[in-house]
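Close look at the chain arrangement
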Amino acid sequence: MTTLYITNHNYAPYLEQSIKSALSQTCKDMEVLIIDDGSTDGSREIIEKYRHNAAVRIFYNENKGLIQSANFALAQAKGKFIMRLDADDWLEAHAVEIMSTFLNNNKDIAAVFPAYHLCDAAGKTTKTIRRSESVMLLDPNDKEPHGACTLIRTNILKEIGGYTESIDCQDGYDFWLKVRNTYKVAALPEVLFHYRQHGKNLTMDLKRIEGARGELTGLNKPNCSV
């Protein structure tokens, strides 16, 4: 089984597209966790439409933030693989199937991530991003998102202690720092993910991200063990 979790805070205009893309996956051996973090914009009404879907589990939390929500999802996950999908982004229908098949066929790989389209607020593609394993693991200046749409072996994410909650302005960079000396990761050339940029994304706040990454790098020195 694969666990796909959607994190949401006041992204009602985009939320339904994200949920539908999760539930339209060609991979059927999966669960979808919807985690709402204190939204006040009508997101609950959208989420409740999916209350009776057998694949869906719904959780309402109060302003925990992205990192605590990610660790909450990890604690709830039943799948041997886990992936985050933000509520303003969406997946190609075969995304989970392709990535989970890859991990099943490559037992030495801890995580896999695809190419993706950058999109504007309306969903129009503005750029296509393809990255190598070395960029994901070694380049501290990489400004592209690191956390969403990365399929990770759940047991490995638990082994490294999940995400560091003491530093809240991060988008998965913590994970890459923790695994880079111990585990193998892989990049796929297929475009499987649509990352929407609309001015409110965490990844648009570069000063906060750079500060958080500096703190995380200090916590996770290159030669530390995990």
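Scroll up a little and you will see the structure.
Below is a summary of the structure that appears in this document. Quantities reported herein were computed from a predicted structural model and do not represent experimental measurements. (Residues numbered from 1 in each chain as written. Predicted model: local features only at pLDDT ≥ 70, side-chain atom pairs only at ≥ 80, totals over all residues. Heavy atoms only, no water.)

Side note on the overall build of the protein
A tally of regular secondary structure across the protein gives eight helices and nine strands. Counting every position in the protein, which comprises 226 residues, the buried fraction comes to 54%. Per element, the accessible surface of the protein, about 10,100 Å² overall, is 50% carbon and sulfur. (Helix = DSSP H or I, 4+ residues; strand = E, 2+ residues; numbered from the N terminus. Buried < 20%, exposed > 50% of the residue type's maximum accessible area, 1.4 Å probe, protein only. Areas by Shrake-Rupley, 256 points an atom, 1.4 Å probe, with all protein chains shown as cover.)

Focus on the nonpolar core
Leu 4, Ile 6, Met 83, Leu 91, Met 99 and Phe 193 are the most contacted members of the largest nonpolar core, which has 39 residues in total. Non-local contacts of Met 83, meaning those with residues more than four positions away in its chain, are made with Thr 3, Leu 4, Tyr 5, Leu 91, Val 96, Met 99, Cys 149, Thr 150 and Leu 151. One finds Ile 82, Ile 152, Phe 175 and Val 185 within the second-largest nonpolar core, a separate group that totals 23 residues. (Core = buried A, V, L, I, M, F, W, Y, C linked by side-chain atoms within 4.5 Å. Contact = heavy atoms within 4.5 Å.)

Digging into helix H1 (residues 12-23)
With twelve residues, H1 should cover 16 Å at 1.5 Å per step; its first-to-last C-alpha distance of 17 Å lies within 8% of that length. Listed in full, the buried residues belonging to H1 are Ala 12, Tyr 14, Leu 15, Ser 18, Ile 19, Ser 21 and Ala 22. What you see down the axis of H1 is that its buried residues fit within an arc of 160°, all on one side. Close packing links the buried residues of H1 with strand S1 (2-8), strand S2 (30-37), helix H2 (43-48), strand S4 (81-86), strand S5 (90-91) and strand S9 (184-196). (Expected span 1.5 Å × (residues − 1). Arc of directions from axis to C-beta.)

What about helix H3 (residues 66-76)?
Among the residues making up H3, those that are buried are Ile 67, Ser 69, Ala 70, Asn 71, Ala 73 and Leu 74. Here the buried face of H3 lies against S1, S2, S4 and helix H6 (154-159).

Describing empty space enclosed by the protein
On inspection of all chains with the given rule, the structure shows four cavities of 30 Å³ or more. By volume, the second largest cavity is sized at about 60 Å³. Each residue belonging to the lining of the second largest cavity can be placed in one class, and the counts come to six nonpolar, two polar and one charged. (1 Å grid on protein atoms, 1.4 Å probe; cavity = no way out; pocket = protein on both sides within 12 Å on 5 of 7 lines; lining within 4 Å. Points joined across faces, edges and corners; volume = space filled by probe spheres on them. Nonpolar A, V, L, I, M, F, W, Y, C, P; charged D, E, K, R; others polar.)

Observations concerning the pairing of strand S6 (residues 109-119)
Taking burial as the measure, the eleven residues of S6 include eleven buried ones, the bulk of the element. Looking at chain direction, S6 and S9 are connected through nine bridges and run parallel. Bridge pairing in S9 places Tyr 116 opposite Phe 193. One ladder, built from two bridges, connects S6 with strand S8 (residues 151-153); its direction is antiparallel. Bridged to Ala 111 within S8 is Ile 152. Note that S6 and strand S7 (residues 125-129) share four bridges and pair antiparallel. Looking at the pairing, Tyr 116 lines up with Ile 129 of S7. As consecutive antiparallel partners, S6 and S7 are separated by five residues, and within that stretch Gly 123 has a phi angle of approximately 95°, a positive value. (Pairing = 2+ DSSP bridges.)

Concerning the pattern of salt bridges
Summed over the entire model, instances satisfying the criterion amount to five salt bridges. Glu 16 is the salt-bridge partner of Lys 49, the closest N and O atoms lying 3.2 Å from each other. Placement of Lys 49 in the loop between H2 and strand S3 (56-61) and of Glu 16 in helix H1 is noted, with a sequence separation of 33 residues between them. The class for Lys 49 is exposed, based on a relative accessible area of 56%. (Salt bridge = Lys/Arg side-chain N within 4 Å of Asp/Glu carboxyl O.)

Remarks on the side chain of Gln 25
Within the secondary structure layout, Gln 25 lies in the loop between H1 and S2. Residue class for Gln 25 comes out buried when judged on its relative accessible area of 1%. Of note is the side chain of Gln 25, whose polar atom sits 3.0 Å from the backbone nitrogen of Val 96. Leave out the neighbours within four places in its chain, and Gln 25 touches Met 30, Leu 91, Glu 92, Ala 93, His 94, Ala 95 and Val 96. (Polar contact = N/O pair within 3.5 Å; in protein donor to acceptor, adjacent residues only side chain to side chain.)

Describing unusual backbone geometry
The phi angle at Asn 10 is positive, at roughly 60°, despite the residue not being glycine. Following the sequence through the fold, Asn 10 ends up in the loop between S1 and H1. A relative accessible area of 28% places Asn 10 in the partly exposed class. Of note, the phi angle at Cys 149 is positive, near 55°, even though the residue is not glycine. Among the structural elements, Cys 149 can be located in the loop between helix H5 (133-138) and S8.

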